[in-house]
Amino acid sequence: MSQRALSRRQDVHQLSGWLIPLAFAVAILGLCGLFLAWYLRPGTQSAAPTDESGPVALTVRGAAFSIPANYIEGQTARAGGALDSLALVAQFPSMRGYSDEDARLFAGNAPDSPVIHLSLRGDPSGLDAQARLARIYMPSLTESGGTAGPFGLVQYVFRPESGYAQDDLFAGQGKDGLVLILCERASPEFPSPNCIVTDRPVAQGLSLSYRFKRAWLSRWREVASGVDALIARFKAKS
């Protein structure tokens, strides 16, 4: 092999030696740039809270509402108009919306956080609490009757092999009928357990559910009546 060919081969080998790490670094930088662009896209700021309390006119699956902006979690939803679902937030027991003064409460996730998260969404099934208990939960329970539980509630136990084995189910009679409450059990996985009042119809094809900390389960009636009063207040007058 000639001296020139040998030199050229060595140059190519040296070039390939730094091209591979360079290509790797460029790929990493490109991925970081894509991630940063995704993270900073306008939609990521959609949950930014607001202290503004002006009313927002909107519909959720055709049901009309007028809701102060500081109750609406999503920035996009605060533009109003027709929506398929809506997330709201309120502070218990006052049932006030977000305020800059209480920003730390709304941002926190303490076991006794007073923040209630409400969800309005389309639900073509239209199941009320009694039908939901019978059709969805009963097949997973150890027994159908339930036993006396705390705070005037009936408690149901899920079978260990069911998907709800780490949860407790409670039922109580609220002002407008049966209230079903599915609660996480405190554990290392759930150090700040939640309870969710399962979906119930509030309009044709529209259901409401809401979530609060299990520490407030003893006051479930107050939570339920506060949520009901909010939704009644937010419904647009025809």
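Residues numbered from 1 in each chain as written. Predicted model: local features only at pLDDT ≥ 70, side-chain atom pairs only at ≥ 80, totals over all residues. Heavy atoms only, no water.

K.L.:
Please clarify how the pattern of salt bridges should be interpreted in this entry.
P.N.:
Here the idea is simple: oppositely charged side chains can pair when their charged atoms come close. Throughout the structure, instances matching the rule amount to 9 salt bridges. Its salt-bridge partner being D168, residue R214 comes within 3.0 Å of it at the nearest N-O pair. Residue R214 is located in the loop between β11 (206-213) and α4 (220-234), and its partner D168 is located in strand β8 (residues 167-174); the two are separated by 46 residues in the primary sequence. Take R214: its relative accessible area is 24%, and that puts it in the partly exposed class. Its relative accessible area of 7% is what places D168 among the buried residues. (Salt bridge = Lys/Arg side-chain N within 4 Å of Asp/Glu carboxyl O. Helix = DSSP H or I, 4+ residues; strand = E, 2+ residues; numbered from the N terminus. Buried < 20%, exposed > 50% of the residue type's maximum accessible area, 1.4 Å probe, protein only.)

K.L.:
Would you mind showing me how to read helix α3 (residues 129-137) here?
P.N.:
Given 3.6 residues per turn, any residue in an α-helix points the same way as the ones three and four places further on. Three or more residues of α3 are buried, namely A129, R132, L133 and Y137. Projected down its long axis, α3 shows its buried positions confined to an angular sector of 100°, all on one face. In this structure, the buried residues of α3 make contact with β7 (154-156), β8, β9 (177-184) and β10 (194-203). For α3, the N-terminal capping position is held by D128, with its side-chain oxygen 3.3 Å away from the main-chain nitrogen of Q130. (Arc of directions from axis to C-beta. Contact = heavy atoms within 4.5 Å. Polar contact = N/O pair within 3.5 Å; in protein donor to acceptor, adjacent residues only side chain to side chain.)

K.L.:
Whenever I open this one, unusual backbone geometry confuses me. Can you help?
P.N.:
Trans peptide bonds make up most of the peptide bonds, and negative phi angles are found at most residues other than glycine. Residue F92 is joined to P93 through a cis peptide bond whose omega torsion reads 5°. Mapped onto the elements of the fold, P93 is located in the loop between β4 (85-91) and α2 (103-107). The backbone of M95 sits at a positive phi, close to 60°, despite the residue not being glycine. Here M95 is to be found in the loop between β4 and α2.

K.L.:
Looking at this structure, I do not really get the environment of S209. What am I missing?
P.N.:
With respect to the helices and strands, the residue S209 is situated in strand β11. Along the primary structure S209 and L118 are separated by 91 residues, whereas in three dimensions their C-alpha atoms are 5.9 Å apart. With near-sequence residues (within four places) excluded, S209 lies in contact with H117, L118, S119, I196, V197, T198 and D199.

K.L.:
Looking at this structure, I do not really get the sheet that holds strand β2 (residues 63-68). What am I missing?
P.N.:
Hydrogen bonds between backbone groups are what pair the strands of a sheet, and the pairing can be parallel or antiparallel. Strand order in the open sheet formed by 3 strands is β2-β1-β3, with mixed pairing between adjacent strands. In this open sheet, the two edge strands, each paired with only one partner strand, are β2 and β3 (81-83). If you compare each strand with its neighbour and ignore which way they point, the axes differ by 35° on average. Relative to β3, strand β1 (residues 55-60) is paired through 3 bridges, and the arrangement is parallel. Looking across to β3, one finds that T59 is bridged to A82. (Pairing = 2+ DSSP bridges. Axes fitted to C-alpha atoms, helices over the stretch in contact; angles between N-to-C directions.)

K.L.:
Help me understand the state of the cysteines, please; the structure alone is not making it clear to me.
P.N.:
Disulfides are covalent bonds that link the sulfur atoms of two cysteine residues. In total, this model carries 1 disulfide according to the counting rule given. One disulfide bridge connects C183 with C195, the sulfur atoms lying 2.0 Å from each other. Taking the sign of the S-S torsion, about 110° here, the bridge from C183 to C195 comes out right-handed. Here C183, found in strand β9, pairs with C195, found in strand β10; they are 12 residues apart in sequence, far enough to count as distant. Relative accessible area serves as the criterion here: at 0%, C183 is assigned to the buried category. (Disulfide = S-S within 2.5 Å.)

Honestly, that's just the spatial picture; any functional story needs more than this.
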